[in-house]
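# Commentary on secondary and tertiary structure
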Amino acid sequence: MSTPAHRDRVMINTGTWGVWLLGEDWKQRVRILRCLGGGVVYLLVCLLMNWVAAHGYLPTGPVLAISGAIGVTTVVFYAVLRSKLNLRFRDASLTMPQMVLAVTYAAWVYTMGGPARDVMLFVLVPLLLYGFRYLRSLQVRLLSAYVIVAMGAAMVWLLHAHPHTYDMAQELLRFMLLAVIGVTLSQFTKNDGEEASGFLQTLMHLVFSSDPKQRLRIQRYMVAAVNFVICTVVLAYSVSVGAVNETAGWALGAYMMGSCLLFYGLLRSGFNLRFADPSLTLPQIMVAITCVVGAYAILEESRGASLMLLVLVLVFGLFNLTASQARSAAFFALVAQGLTMLAMNALEPGRYPVRQELIHFLFACTTLPTISLLAGQLSDLRSRLRARKDELAIAVERIQTLATRDELTGLFNRRHMVETLSLQKKFSDRGGRVFCIGILDIDHFKRVNDTHGHGAGDEVLRNFAHTVQHELRESDVIARWGGEEFLLMLTECRVGQADAMMERVREVVNNKLMCPEHPELHIRFSAGLAEQRFDEEVADTIERADQALYRAKRAGRNRTVLAS
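For clarity, every value in this text was computed on a predicted model and none was experimentally measured. Here, residues in each chain are numbered from 1, in the same order as that chain's written sequence. Residues qualify for local features only when their pLDDT is at least 70, as the model is predicted, and side-chain atom pairs are given and counted only at 80 or more; totals for whole chains, interfaces and linings, by contrast, use all residues. Excluded from the side-chain calculation are hydrogens and water; included are all heavy atoms of the structure.

Moving on to the environment of Gly56. Looking at where Gly56 falls in the secondary structure, it is placed in the loop between α2 (26-54) and α3 (60-82). The buried label goes to any residue with under 20% of its type's maximum accessible area, the exposed label to any with over 50%, and the partly exposed label to all in between, with areas taken from a 1.4 Å probe on protein chains only. Since its relative accessible area comes to 61%, Gly56 is described here as exposed. Separated by 149 residues in the primary sequence, Gly56 and His205 place their C-alpha atoms 49 Å from one another. Numbering of helices and strands runs from the N terminus, with a helix taken as a DSSP run of H or I at least four residues long and a strand as a DSSP run of E at least two residues long.

Okay, here's the thing in structure tokens:
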């Protein structure tokens, strides 16, 4: 972090021209310096592209156009930073807009074709690493998605504009490499659940819902949807080169994209919440299995590779399916795969020989039940962990109860009451509100134990505690202070009001049987009340209430004495 002395020294060293160019605010100076540094890099790139274009390796017109656009962009960002308009945004450095434009220019250069394609792919990696350093987690993911979409669009345009010059297989390989790099880099960000603001927040709520659980389900589904999209692209390439029947290929591609939209609609609309498994894991796996089996039926010589996708589909549900669901999915996959093999062998025995299909089926029979078994074991493990978690939660709750509650009466214990009184003291001092502390003691309680036994004494303590607590207000607190003594905290109450409340409690206690098994047993209590003073510690107030209790005992018991 820069110190004030360091910032002043930097300002002095830059001089008048530095202040005119960068401004006086040191934070803005850093932002402008970064922008100008990026402008220098852009300048070098533009000079290099124009030199390459002069030698005939790149088209001159597009190079001049992109050079002009880059120059205008640099000037605009400098003007926004220098005029301090950037301070109106959450990211005052404008990192995200600068990164989006940089990726856009990279995609533009890619459309020029030639060696520039590979150069742009290599340039994107350090470019993304630089941007990811200053972006938030959500922005990193959005930028990664934009890179994949923009570069994919550039590849499609290149193939459309020059179909005889560029091969779709090569462009597809580049796209897959780019997608792997983008997704991998985005995983190094913290999944901290940050909350976006403004446009990003609106976009997140629109796409993923505002419910955190639904958002997580949709994000997990997106992973599967990306795989569907990639498989559809590969299928389109296979159709274009004649490796797959055009009608069957387009039908399977439409089925995969339609299922993607269907499941997204179910998740985004909240309709999935009507089912026992809101993630719809088993239905997604069933649909994916039908897609893989359909691909097996139309891929001909390369159909054996689809069996690996069948394994991948079941692995996808390994951590979410129950044991019975895993067995059902594996059984469905084996039946669907077996019937497809039989049907294709019956229709075209020359292209689908029995021996080869049998080998493929044996491979499926070996791998799929194994995955099903592992899924069942994981499901049992999850159940045991969930049971242990519930037991631990109950144990923690039990420990918390023992730490704050008296086991016999269920009232707060002495330690917790001391903490409560301390908090009430701070609250009262800030708000100017008074409260009273009372100490109650059951008269001749030792005689109850000696005459009727400790069981009767415990029942008297429980019933007495519940009776007094029932007569108090919700804001008042009673705790077992020790033995047959109880401490009251009466909030927002003067001592005279507390005395009237004690008389009402006394009347109820005197008329109630505290031990039904011994109806001849009548319980009385003595009390001492003290009003908390502003300049007095809680311990001193308790001591005054205790002295008042002793005076009530000496005065004949069954009465309340107010502390002086």
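Right, let's get into the side chain of Thr73. Along the chain, Thr73 turns up in helix α3. In this view, Thr73 contacts Leu101 and Tyr105; residues no more than four positions away in its chain are not counted. Residues count as neighbours in contact if any of their non-hydrogen atoms are within 4.5 Å of one another.

With that settled, the discussion passes to the environment of Val477. On the secondary structure map, Val477 appears in strand β2 (residues 477-482). By relative accessible area, Val477 is classed as buried at 14%. A C-alpha to C-alpha distance of 6.8 Å links Val477 and Leu490, two positions 13 residues apart in sequence. Beyond its immediate stretch of four places on either side in the chain, Val477 contacts Phe412, Met417, Leu487, Leu488 and Met489.

On to unusual backbone geometry, then. Despite not being glycine, Leu280 shows a phi value in the positive range, around 55°. Mapped onto the secondary structure, Leu280 falls in the loop between α10 (246-269) and α11 (281-298). The exposure class of Leu280 is buried, given its relative accessible area of 5%. At Arg557, a position not held by glycine, the phi torsion is positive, near 65°. Note that Arg557 resides in the loop between α19 (538-554) and β5 (560-562).

So, on to the packing of α11 against helix α13 (residues 323-347). Working convention: axes come from line fits to C-alpha atoms, limited for helices to the stretch in contact. Angles between N-to-C directions cover 0 to 180 degrees. In contact at an axis separation of 10 Å, α11 and α13 are set at 20° when each is read in the N-to-C sense. When the axis of α11 is compared with that of α13, the two are roughly parallel. The handedness of the crossing between α11 and α13 comes out as right-handed. Within the contact between the two elements, α11 uses Leu282, Ile285, Met286, Ile289, Thr290, Val293, Tyr296 and Ala297 and α13 uses Gln325, Ser328, Ala329, Phe332, Ala333, Ala336, Gln337, Thr340, Met341 and Met344. Just so you know how the angles are binned, under 35 degrees is roughly parallel, over 145 roughly antiparallel, 65 to 115 roughly perpendicular, and the rest oblique. Handedness of a helix crossing follows the sense of rotation of the near helix relative to the far helix, less than a right angle counterclockwise being left-handed and clockwise being right-handed.

With respect to burial, β2 is a largely interior element, five of its six residues being buried. Bridge count for β2 against strand β3 (residues 485-491) is five bridges, and the pairing is antiparallel. Across the sheet, residue Gly482 finds its bridge partner in β3, namely Glu485. Taking the residues between adjacent antiparallel strands as the criterion, β2 and β3 are bridged by two residues, where Gly483 takes a positive phi near 60°. Here, strands pair whenever DSSP counts at least two bridges between them.

Attention now moves to the packing of aromatic side chains. Note on ring pairs: Phe, Tyr and Trp rings are taken, using the six-membered ring of Trp, and paired if centres are within 6.5 Å. Classes follow the plane angle, with under 30 degrees stacked, over 60 edge-to-face and the rest tilted. Under the counting rule described, the total for this entry stands at six aromatic pairs. Arranged with centres 6.4 Å apart and planes meeting at 85°, the rings of Tyr42 and Tyr105 form a pair that is edge-to-face. Placement of the pair is Tyr42 in helix α2 and Tyr105 in helix α4 (residues 95-110), with a sequence separation of 63 residues. Using a relative accessible area of 23% as the deciding quantity, one classes Tyr42 as partly exposed. Taking the centre distance of 6.5 Å and the plane angle of 50° together, the rings of Tyr221 and Phe263 count as tilted. In this pair, Tyr221 sits in helix α9 (residues 212-240) while Phe263 sits in helix α10, placing the two residues 42 residues apart along the sequence. A relative accessible area of 4% means that Tyr221 is categorised as buried. Here a set of aromatic residues connected by ring pairs shows up, and it is made of Tyr42, Tyr105 and Trp108. Two conditions define a charge located above a ring, namely a distance within 6 Å from the ring centre to NZ of Lys or CZ of Arg, and an angle within 35 degrees of the ring normal. A cation over an aromatic ring shows up here: Arg506 above the ring of Phe525, its NZ or CZ 4.4 Å from the ring centre.

A few words on the pairing of strand β1 (residues 435-442). Here β1 lies mainly inside the structure; eight of its eight residues are buried. Here seven bridges tie β1 to β3, and the two strands are oriented antiparallel to one another. For Leu440, the partnering residue across the bridge sits in β3 and is Phe486. As paired strands, β1 and strand β4 (residues 525-531) are joined by seven bridges and run antiparallel to one another. Within β4, the position partnered with Ile442 by the bridge is Phe525.

This part covers the side chain of Lys425. Of note, Lys425 is situated in helix α15 (residues 414-431). Residue classification places Lys425 among the buried residues on the basis of a relative accessible area of 11%. Of note is the side chain of Lys425, whose polar atom sits 2.9 Å from the backbone oxygen of Glu536. Non-local contacts of Lys425, meaning those with residues more than four positions away in its chain, are made with Phe435, Gln532, Arg533, Phe534, Glu536 and Val538. Polar contacts here mean pairs of N or O atoms no more than 3.5 Å apart (in protein, one a potential hydrogen donor and the other a potential acceptor; neighbouring residues in sequence count only if both atoms are side-chain atoms).

Another point: the state of the cysteines. Here, a disulfide means two cysteine sulfur atoms that sit within 2.5 Å of each other. Applying the stated rule across the entire model yields zero disulfides. Of the cysteine sulfurs around Cys35, a residue in no disulfide, the closest is that of Cys46, at 14 Å. No disulfide involves Cys436; its sulfur sits 4.7 Å from the nearest other cysteine sulfur, which is in Cys493. Taking the relative accessible area as the measure of exposure, Cys436 reaches 0% and is therefore buried.

As a packed pair, α13 and helix α14 (residues 354-404) sit with axes 8 Å apart at the nearest point and diverge in direction by 175°. Between α13 and α14, the crossing angle belongs to the class labelled roughly antiparallel. Contact residues: α13 offers Ala323, Ala326, Arg327, Ala330, Ala333, Leu334, Gly338, Met341 and Asn345, while α14 offers Val354, Glu357, His360, Phe361, Ala364, Cys365, Leu368, Pro369, Ser372, Ala375, Gly376 and Ser379. Residue polarity follows a fixed list, in which Ala, Val, Leu, Ile, Met, Phe, Trp, Tyr, Cys and Pro are nonpolar, Asp, Glu, Lys and Arg are charged, and the others, Gly among them, are polar. Class assignment for the residues of the contact of α13 with α14 results in 13 nonpolar, six polar and two charged.

Structural measurements only, silent on function.
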